[in-house]
Amino acid sequence: MSTNSSSPLTRFLENCFPVFFGSKVRKLNNLPGPSPIFPVGNIFDFFGNDIHKLLYNYALKYGDLMCFWLGGTPNLLINDPALIEHVLVTHRDDFYKNSPQKVAKPVMGGSLILSNGKDWEFKRKNHPFSAEGIETYFQKIIPVIRNITREHLEILENSSSDKNVDIFDEMTHLLFRIFGLTILGAEMDVDLFSYYMNLLTEIDSRLKQPFPLSLSPKFWSDRRKWFQFIDNRIRD
């Protein structure tokens, strides 16, 4: 674990953490990550931050396999494709995805990402990306992805001048456009992007609540519009 803090109190709480959670810490001590403090771990990192951006910055700083702590519970963040395949496909029976289902369900429903066991097996087998001939489809969309990416970069080059560009936000927007054109067959406008981002923001908000609730009328309105658009594209 890395140590970036300097105050005596923080160092004391860092030293207390392995005293109380020693067996867990010893098993994971070879993994990089922010130093946890007793008794909350790294939970303070999540206050006032977008969770997806925080995890993105964790990955940049600590690499493709790192550990962070929520209280006394260790969490592994995996970004290496080979390791992800190891967990989700090759040795899937050895792992249980303790997914935040209550948090994500209003947005993701019964998604493959949230599934385990027989439920996951059925959904994986019947997922469009498991269909026969999917490799041919992937080859066909590569030129589309290249064109969209080139166009997006040109827009950035012409509009950014001397101002800073948030790469994470731009990548989110780019992947959203790629998803629209290659999966849904539609160029999605700024309103749809706004609905989509509101859904992500709501998941982020629910993750920070002890009892996840979605009380925003705008969220439910945007959710309805987003899923209505998806349903219409599937029917078409």
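To keep things clear, this report deals only with the structure shown in the data block. No experiment lies behind these values; they were computed from the predicted model shown.

Let us look at the packing of aromatic side chains. For the structure on display, the rule yields 18 aromatic pairs. Aromatic pair phenylalanine 44 and phenylalanine 47: ring centres 5.8 Å apart, planes at 55°, arrangement tilted. With centroids separated by 5.2 Å and ring planes inclined at 40°, the aromatic side chains of phenylalanine 176 and tyrosine 196 adopt a geometry described as tilted. Taken together, the residues span a long stretch of sequence, with phenylalanine 176 in helix α8 (residues 167–184) and tyrosine 196 in helix α9 (residues 190–207) at a distance of 20 residues. On the basis of relative accessibility, which here comes to 27%, the residue tyrosine 196 falls in the partly exposed class.

We now examine a nonpolar patch on the surface. Where nonpolar side chains cluster on the molecular surface, the patch consists of Tyr56, Leu60, Val165, Ile167, Met171 and Leu175 and spans about 550 Å² of accessible area. Taken together, the elements giving at least two residues each to the nonpolar patch come down to α3 (51–62) and α8. It is α8 that provides the largest number of residues to the nonpolar patch, a total of 3 residues. Relative to the helices and strands, isoleucine 167 resides in helix α8.

Turning to the packing of α9 against helix α10 (residues 217–235), a few remarks are in order. In contact at an axis separation of 9 Å, α9 and α10 are set at 125° when each is read in the N-to-C sense. Our classification of the angle between α9 and α10 gives oblique. Considering the relative orientation of α9 and α10, their crossing is left-handed. Contacts between α9 and α10 involve Leu192, Ser194, Tyr195, Tyr196, Asn198, Leu199 and Glu202 on the former and, on the latter, Lys218, Phe219, Asp222, Arg223, Lys225, Trp226, Phe227 and Phe229.

Attention now moves to the layout of surface pockets. In this model, the second largest pocket occupies a volume close to 210 Å³. Taken together, 14 residues form the lining of the second largest pocket, with Pro34, Ser35, Gly41, Asn42 and Asp45 sitting closest to its centre. Those elements that place two or more of their residues in the lining of the second largest pocket are α1 (8–20) and α3. At 3 residues, α3 tops the list of elements feeding residues into the lining of the second largest pocket. When the residues that make up the lining of the second largest pocket are grouped by side-chain class, the tally is 6 nonpolar, 5 polar and 3 charged.

With that settled, consider the packing of α3 against α8. Two numbers describe how α3 lies on α8: the axes approach to 11 Å, and their chain directions differ by 115°. By the angle between their axes, α3 is roughly perpendicular relative to α8. The interaxial crossing formed by α3 with α8 has right-handed handedness. Of the residues in α8, those touching α3 at His52, Lys53 and Tyr56 are Ile167, Phe168 and Asp169. Per-class residue counts for the contact of α3 with α8 are 3 nonpolar, 1 polar and 2 charged.

What follows covers the nonpolar core. A general tendency of soluble globular proteins is for nonpolar side chains to be buried together. Phe176, Met188, Leu192, Trp226 and Phe229 are the most contacted members of the largest nonpolar core, which has 15 residues in total. Looking at this core, the elements with two or more residues in it are α5 (101–108), α8, α9 and α10. Contacts of tryptophan 226, omitting those with residues within four sequence positions, involve Phe176, Met188, Leu192, Tyr195, Tyr196 and Leu199. Counting residues in hydrophobic clusters, the runner-up holds 9 residues, among them Leu54, Tyr58, Tyr62 and Met66.

The final tally for this structure, using the stated rule, is 7 salt bridges. Glutamate 121 is the salt-bridge partner of arginine 92, the closest N and O atoms lying 3.9 Å from each other. Pair noted here: arginine 92 is in the loop between α4 (81–90) and α5 and glutamate 121 is in helix α6 (residues 117–125), with a separation of 29 residues, a long-range link. If you follow the salt bridges from partner to partner, you end up with Lys53, Asp166 and Asp169 in one network.

Here the focus is the side chain of threonine 182. In this fold, threonine 182 is placed in helix α8. Those residues within four positions of threonine 182 in sequence are excluded, and the remaining contacts are Tyr137, Ile141, Val144 and Ile145.

Along the chain, the position of arginine 177 falls in helix α8. In this structure arginine 177 comes out as buried when scored by relative accessible area, which is 9%. Among the polar contacts listed, one links the side chain of arginine 177 to the side chain of glutamate 151, at a separation of 3.0 Å. For arginine 177, the residues in contact, after removing those within four places along its chain, are Ile148, Glu151, His152 and Glu187.

Thresholds, definitions, all that
- Per chain, the residues get numbers from 1 upward, laid out in the order the sequence is written.
- Since the coordinates come from a predicted model, pLDDT governs what is reported: local features require at least 70, and pairs of side-chain atoms require 80 or more to be given and counted, while whole-chain, interface and lining totals use all residues.
- To obtain the side-chain values, all non-hydrogen atoms of the structure were used and water was disregarded.
- Think of it this way: a Phe, Tyr or Trp ring, Trp meaning its six-membered ring, pairs with another when their centres are within 6.5 Å, and the plane angle makes it stacked under 30 degrees, edge-to-face over 60, tilted otherwise.
- By the criteria applied, helices consist of DSSP H or I runs no shorter than four residues and strands consist of E runs no shorter than two, each listed in order from the N terminus.
- Relative accessibility under 20% of the residue-type maximum defines a buried residue, over 50% an exposed one, and the middle range a partly exposed one, all with a 1.4 Å probe and only protein chains included.
- Residues enter a patch when their relative accessible area is above 30% and they make no salt bridge; the linking distance is 9 Å between like charges and 5 Å between nonpolar side chains (Val, Leu, Ile, Met, Phe, Trp, Tyr).
- Here the open area of atoms and residues is found with the Shrake-Rupley method and a 1.4 Å probe, where only the protein chains shown may cover a residue.
- Any carboxyl oxygen of Asp or Glu that lies within 4 Å of a side-chain nitrogen of Lys or Arg is treated as forming a salt bridge with it.
- Interaxial angle, 0 to 180 degrees, is taken between N-to-C directions of lines fitted to C-alpha atoms, where a helix line uses only the stretch in contact.
- Roughly parallel covers angles under 35 degrees, roughly antiparallel covers those over 145, roughly perpendicular covers 65 to 115, and oblique covers all other angles.
- Throughout, a crossing is termed right-handed when the near helix is turned clockwise from the far one, and left-handed when it is turned anticlockwise from it by less than a right angle.
- Contacts between residues were defined by any pair of non-hydrogen atoms, one from each residue, lying within 4.5 Å.
- Detection works on a 1 Å grid of protein atoms alone, calling trapped sets that fit a 1.4 Å probe cavities and calling open sets with protein on both sides within 12 Å along at least five of seven lines pockets, with lining residues defined by an atom within 4 Å of a point.
- Grid points are joined across faces, edges and corners, and a volume is the space filled by probe spheres set on the points.
- In this count, Pro and Cys sit with the nonpolar residues alongside Ala, Val, Leu, Ile, Met, Phe, Trp and Tyr, while Asp, Glu, Lys and Arg are called charged and the others, Gly among them, polar.
- Joining through side-chain atoms within 4.5 Å is the link that ties buried Ala, Val, Leu, Ile, Met, Phe, Trp, Tyr and Cys residues into a set, and such a set is a nonpolar core.
- Side-chain atoms alone can form a polar contact between residues adjacent in sequence; in general such a contact is a pair of N or O atoms within 3.5 Å, and within protein one must be able to donate a hydrogen while the other accepts it.

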